[in-house]
Amino acid sequence: MHTKLDHHNRLTADRLFRHPTSHNIQWHDVLSLLEAIGDGRETTHGSYEITVDGEVGYVAGPIGRDLSDRNISDVRRILKQAGLAPEKVAKALAEETTAD
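Residues numbered from 1 in each chain as written. Predicted model: local features only at pLDDT ≥ 70, side-chain atom pairs only at ≥ 80, totals over all residues. Heavy atoms only, no water.

### A look at the overall build of the chain
- Check the secondary structure of the chain and you find four helices and three strands.
- The C-alpha atoms of the chain give 13 Å as radius of gyration, which agrees with the globular expectation for 100 residues (13 Å, within 12%).
- By its C-alpha atoms, the chain is 45 × 30 × 20 Å across when sized along the principal axes.
- By residue count, 42% of the 100 residues in the chain fall in the buried class.
- Counting only contacts in the chain whose residues sit at least 6 apart along the sequence, the fraction spanning at least 24 positions is 51%. (Helix = DSSP H or I, 4+ residues; strand = E, 2+ residues; numbered from the N terminus. Rg over C-alpha atoms; globule rule 2.2 N^0.38 Å. Buried < 20%, exposed > 50% of the residue type's maximum accessible area, 1.4 Å probe, protein only. Contact = heavy atoms within 4.5 Å.)

Okay, here's the thing in structure tokens:
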């Protein structure tokens, strides 16, 4: 990963990439992750704009505090564009566990 994520953000990324999809992923956790990988801002329409390495992506704000399947799909796309593949996230978490 070319972006240094803290433990909390790595766990959030791992939950986002998991299959079957977890439906207990909270929006504030995702915002923290997105802000760690790029520059983000809320738009006037309630969605969230994130710029990573000059590429702009959008995620619709969730209804409630948990993300929908569509939200998760949008965030996965942004993470992959930022170079955060599921394998890289899993490897970072495994290395964290063995370092303890």
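Let us keep going from here.
### A look at the packing of aromatic side chains
- All chains considered together, the criterion is met by one aromatic pair.
- For the ring pair Trp-27 and Tyr-48, a centre distance of 6.2 Å and an interplane angle of 90° mean the geometry is edge-to-face. Of this pair, Trp-27 sits in helix H2 (residues 27-37) while Tyr-48 sits in strand E2 (residues 48-52), and the two are 21 residues apart along the sequence.
- Accessibility expressed as a relative area gives 16% for Trp-27, which makes it buried. (Phe/Tyr/Trp six-rings, centres within 6.5 Å; stacked < 30°, edge-to-face > 60°.)

### Section: the sheet that holds E2
- Taking strand neighbours across the sheet as the criterion, the three strands line up as E1-E2-E3 in an open arrangement whose pairing is antiparallel. With partners counted over all chains shown, the strands left at the sheet margins are strand E1 (39-42) and strand E3 (55-59), one partner each. Direction aside, the axes of adjacent strands within the sheet are offset by 20° on average.
- When E1 meets E2, the two strands line up antiparallel, connected through four bridges. In the strand pairing of E2, Asp-39 is matched with Thr-51. (Pairing = 2+ DSSP bridges. Axes fitted to C-alpha atoms, helices over the stretch in contact; angles between N-to-C directions.)

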